Amino acid sequence: MSHRSLINRILRKGAALLLLCLAVAAPSLAADRASKHVILITIDGMRAAMVTDSTMPSPNLKRMKRDGLFVDTIKGITPTATYPSHITIVTGVKPARHNIYYNAQFTGNEPTVPYWYADSIKSVTIWEAAKRAGLTTASLFWPVSTGSKFIDYNVPEFWSTRPVANQLEYIKPYCTPAGILDELEREATGKLNHQNFMAGSMMRDARTAAMANYLLNTYGVNLMTIHLTTTDYAQHADGLDSDRVRATVGGADHAIGLILENLERRHLLDSTTVIVCGDHGFVNYHRTLAPNVWLVQEGLLSEKPGGPWKAAFHGAGAMMFLYLKDAGDNATLKQVRKKLASLPQETRALFRIVEKDELAQVGCDPRVALALEPINGVAVATARTGADVRQSKGGKHGYLSGIDPTTLVAYGCGIEKGEIPVMNQTDIATLVMKLLGVDFRP
């Protein structure tokens, strides 16, 4: 099915529903706009089982699936990591087009720096398209949104990499408009600190939902993007199934429920579409590869960042991407390949080499010389010393093979009830913009 046909199938609607949506739309909106508001929410690490498994505490997601649209498998980009995936969701293009390849930039043999700032994005975002169409935009804790000119009310995902007394106080100068986080604390959440809003805490997701409701109710936001993070922390630590994972699924679902309840109480469901999707899924792992150990052994990389180097593996999700200090250094590349070929067979069986042409097809950084993708059950680490294969366990994502897909549910105005088995992550931006009646061509 073509991209356009898929979106049209999702948006096919009866005349009665369309007239109802138009009746509640503000007079200033275009007559062909189906939704006055679209709320796009990501649950970090969302898997289809969080919706379909009857034992998962997710009544709100199940309700959205039952009465709206459910897409079992969202095929992600490479690597299926949080930051590049989130930017694919809001641009509709792969990393080679939008320029956000990983969570953190490769900076040579220096400590990595996260992609914080929106001006790193080289493609048009849905925020920009909506803003240019005269709509009001808001975003809460969305990656790579700091400093965006196109988000009217923005509390970005941003933090100090050095210890500070209160991360929420630290990010206030980066929130827009000035004073918005103080306003949200005063009117929606109460005073926030590292205890009641810490990363990985279920309290964070609930308070984020309170912020979202306040912004919608107070400023009539047309497009809102929200990033709920807690399920990611639990799955990295415990894998796919534990009491903690189930609790965080319930916490994220509760946050969704708070948003749906607010829409119902304010009679906004008929003019609002809520889309909940993941940035990636997860798989369990029981061993870890540390390929930078091999480069140190070969004298190609210093034991600590900051030293001399000729080659380095940059970790992103479950994959390692090889960079050469000199892109034309064929001798070093040959030495790396020789080292990989010389590994014991039991080690060599744990990964495959992904060549440049395959990486180019999926939109990876063209500077990468090659990549290593481990098999299912194996993850990667950036350690440079110690064992190259380690016993460890938890959850991981980021595979090129697609073994860690995410999922999507959509509910409300403009959405036809039904199920679609597979959809690309690059289709989501077009779906959002078509719901708002905004022309958007990634």
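Remember, it's a predicted structure, so these values are computed and weren't measured experimentally. Counting of residues starts from 1 at the beginning of each chain's written sequence and follows it residue by residue. The predicted origin of the model limits local features to residues at a pLDDT of at least 70 and limits the giving and counting of side-chain atom pairs to 80 or more, whereas totals for whole chains, interfaces and linings rest on all residues. No hydrogens and no water enter the side-chain calculation; it runs on all heavy atoms of the structure.

**Q** Would you explain the overall build of the protein in this entry?
**A** Summing up its helical and strand segments, the protein has 17 helices and 17 strands in all. The C-alpha radius of gyration of the protein comes to 22 Å, within 12% of the 22 Å expected for a compact globule of 442 residues. C-alpha atoms of the protein, sized along the principal axes, occupy 70 × 50 × 45 Å. When checking whether two residues touch, look at their non-hydrogen atoms; a contact exists if any pair is within 4.5 Å. Considering only residue pairs separated by 6 or more positions, the protein has 71% of its internal contacts joining residues 24 or more positions apart. Accessible surface area values rest on a Shrake-Rupley calculation with a 1.4 Å probe, where residue burial reflects the displayed protein chains alone. Roughly 17,800 Å² of accessible area belongs to the protein as shown, and the carbon and sulfur atoms make up 52% of that amount. Neither His nor the chain ends contribute to the count of charged residues, in which Lys and Arg are positive and Asp and Glu negative. Charge placement uses NZ in Lys and CZ in Arg. For Asp and Glu, CG and CD serve respectively. Counting 47 positive and 41 negative side-chain charges, the protein places the averaged centre of each group 3 Å from the other. The helix and strand labels rest on DSSP assignments: H or I over at least four residues marks a helix, E over at least two residues marks a strand, and numbering proceeds from the N terminus. The size measure is the radius of gyration over C-alpha atoms, and the globule rule it meets is 2.2 Å times the number of residues to the 0.38 power.

**Q** It is not clear to me how the layout of surface pockets should be interpreted in this structure. Could you clarify?
**A** Remark: the empty space left among the atoms is shown by a probe the size of a water molecule rolled over them. Only protein atoms enter the calculation, which uses a 1 Å grid: trapped sets of points that fit a 1.4 Å probe without letting it out are cavities, open sets showing protein on both sides within 12 Å along at least five of seven lines are pockets, and any residue with an atom within 4 Å of a point is a lining residue. Grid points are joined across faces, edges and corners, and a volume is the space filled by probe spheres set on the points. Its volume calculated, the largest pocket comes out at about 1,100 Å³. Along its surface, the largest pocket is lined by 49 residues, and Tyr-83, Asn-103, Ala-104, Pro-114 and Trp-159 are the ones closest to its centre. Of all the secondary-structure elements, those providing two or more residues to the lining of the largest pocket are helix 5 (82-91), helix 8 (167-171), helix 11 (230-238) and strand 10 (311-316). No other element matches the five residues that strand 10 contributes to the lining of the largest pocket. Of the residues that constitute the lining of the largest pocket, the class distribution is 25 nonpolar, 17 polar and seven charged. Lys, Arg, Asp and Glu make up the charged group, whereas Ala, Val, Leu, Ile, Met, Phe, Trp, Tyr, Cys and Pro make up the nonpolar group; the residues left over, Gly among them, are polar.

**Q** I tried to follow helix 9 (residues 180-189) on my own but got confused; where do I start?
**A** One full turn of an α-helix is made of 3.6 residues, so residues set three or four places apart face in the same direction. Any residue under 20% of the maximum accessible area for its type is buried, any over 50% is exposed, and the rest in between are partly exposed; the area is computed with a 1.4 Å probe on protein chains only. By the burial criterion, the buried members of helix 9 are Ile-180, Leu-181, Glu-183, Leu-184, Glu-185 and Thr-189. Turning to helix 9, the residues buried within the fold contact strand 6 (153-155), helix 8 and helix 10 (202-219).

**Q** Would you take a moment to explain empty space enclosed by the protein for this structure?
**A** Throughout the structure, instances matching the rule amount to one cavity of 30 Å³ or more. Looking at the largest cavity, its volume works out to about 40 Å³. Contributing to the lining of the largest cavity are Pro-291, Trp-294, Leu-295, Phe-313, Val-336, Lys-339 and Leu-340. The element that contributes the greatest number of residues to the lining of the largest cavity is helix 14 (residues 330-342), accounting for three residues.

**Q** Would you explain the sheet that holds strand 13 (residues 370-374) in this entry?
**A** In any sheet, the strands associate via hydrogen bonds between backbone groups, in a parallel or an antiparallel arrangement. Only strands that DSSP links by at least two bridges are regarded as paired with each other. Spatially, four strands are ordered 10-11-13-12 in an open sheet, and the strand pairing comes out antiparallel. The strands lining the two open edges of the sheet, one partner per strand, are strand 10 and strand 12 (351-354). With direction set aside, neighbouring strand axes in the sheet form an average angle of 25°. Two elements, strand 10 and strand 11 (residues 319-324), share six bridges in a ladder whose sense is antiparallel. In the sheet register, Ala-316 faces strand 11, and the bridge partner there is Met-319. To get an axis, fit a line to the C-alpha atoms, keeping to the stretch in contact for a helix; angles then go from 0 to 180 degrees between the N-to-C directions. Along the sheet, helix 14 contacts strand 10, strand 11, strand 12 and strand 13; its crossing angle with strand 11, the most-contacted strand, is approximately 145°.

**Q** What's the story with the sheet that holds strand 16 (residues 406-412) in this structure? I'm lost.
**A** With respect to topology, eight strands assemble into an open sheet ordered 6-5-7-1-8-16-2-17, the strand pairing being mixed. Both edges of this open sheet fall to strand 6 and strand 17 (418-424), since each of them pairs with a single strand only. Across this sheet, the average inter-strand angle for adjacent strands is 15°, counted without regard to direction. As defined by bridge partners, strand 1 (residues 37-43) adjoins strand 7 (residues 223-228) across six bridges and the pair is classed as parallel.

**Q** Even after reading the chapter, I still don't get the confidence of the model for the protein, so can you show me in this structure?
**A** Reading fine detail from the predicted coordinates is not recommended where pLDDT is low. By definition, pLDDT measures how confident the predictor is in each residue, and it falls between 0 and 100. For the protein, per-residue confidence averages 93 on the pLDDT scale, and 93% of positions sit at 70 or higher. Low pLDDT, under 50, characterises residues 13-32; the predicted model gives this stretch 19 contacts beyond four residues in sequence or across chains.

**Q** Can you help me understand the nonpolar core in this one?
**A** One recurring pattern in soluble globular proteins: nonpolar side chains tend to sit buried together. Judged by nonpolar contacts, the single largest core of 128 residues is most densely connected at Leu-215, Val-276, Phe-321, Leu-322, Val-432 and Met-433. For this core, the element with the most residues is helix 12 (residues 243-265), which contributes eight residues. Discounting chain neighbours no more than four positions away, the residues touching Leu-322 are Leu-295, Ala-311, Ala-312, Phe-313, Leu-333, Val-336, Arg-367, Val-368, Ala-369 and Leu-370. Throughout, nonpolar core names a set of buried Ala, Val, Leu, Ile, Met, Phe, Trp, Tyr and Cys residues whose side chains join them through atoms within 4.5 Å.

**Q** Looking at this structure, I do not really get the pattern of salt bridges. What am I missing?
**A** For side chains bearing opposite charge, pairing can occur when the charged atoms are close. One side-chain nitrogen of Lys or Arg within 4 Å of one carboxyl oxygen of Asp or Glu is enough to make a salt bridge. For the structure shown, the criterion picks out 18 salt bridges. In this structure, Arg-132 engages Glu-128 in a salt bridge whose closest nitrogen and oxygen atoms are separated by 2.9 Å. Of this pair, Arg-132 and Glu-128 both sit in helix 7 (residues 126-132), four residues apart, which is roughly one turn of the helix. Take Glu-128: its relative accessible area is 16%, and that puts it in the buried class. Linking Asp-182 and Lys-172 is a salt bridge whose minimum nitrogen-to-oxygen distance equals 2.6 Å. In this pair, Asp-182 sits in helix 9 while Lys-172 sits in the loop between helix 8 and helix 9, placing the two residues ten residues apart along the sequence. Relative accessible area serves as the criterion here: at 36%, Asp-182 is assigned to the partly exposed category. On the accessibility criterion, Lys-172 (14% relative accessible area) is buried. When salt bridges with common partners are traced through the structure, they connect Glu-169, Lys-172, Asp-182, Glu-185 and Lys-191 into a single cluster.

**Q** Which parts of the structure should I look at to understand the environment of Thr-332?
**A** With respect to the helices and strands, the residue Thr-332 is situated in helix 14. For Thr-332, a relative accessible area of 3% puts it in the buried group. Residues Thr-332 and Lys-310, 22 residues apart in the sequence, show an inter-C-alpha distance of 7.0 Å. Apart from the residues within four sequence positions on either side, Thr-332 is in contact with Leu-300, Lys-310, Ala-311 and Leu-324. Between N or O atoms, a polar contact is any pair within 3.5 Å; within protein, one atom must be a potential hydrogen donor and the other a potential acceptor, and residues adjacent in sequence are included only when both atoms are from side chains. Of note is the side chain of Thr-332, whose polar atom sits 2.5 Å from the side chain of Asp-329.

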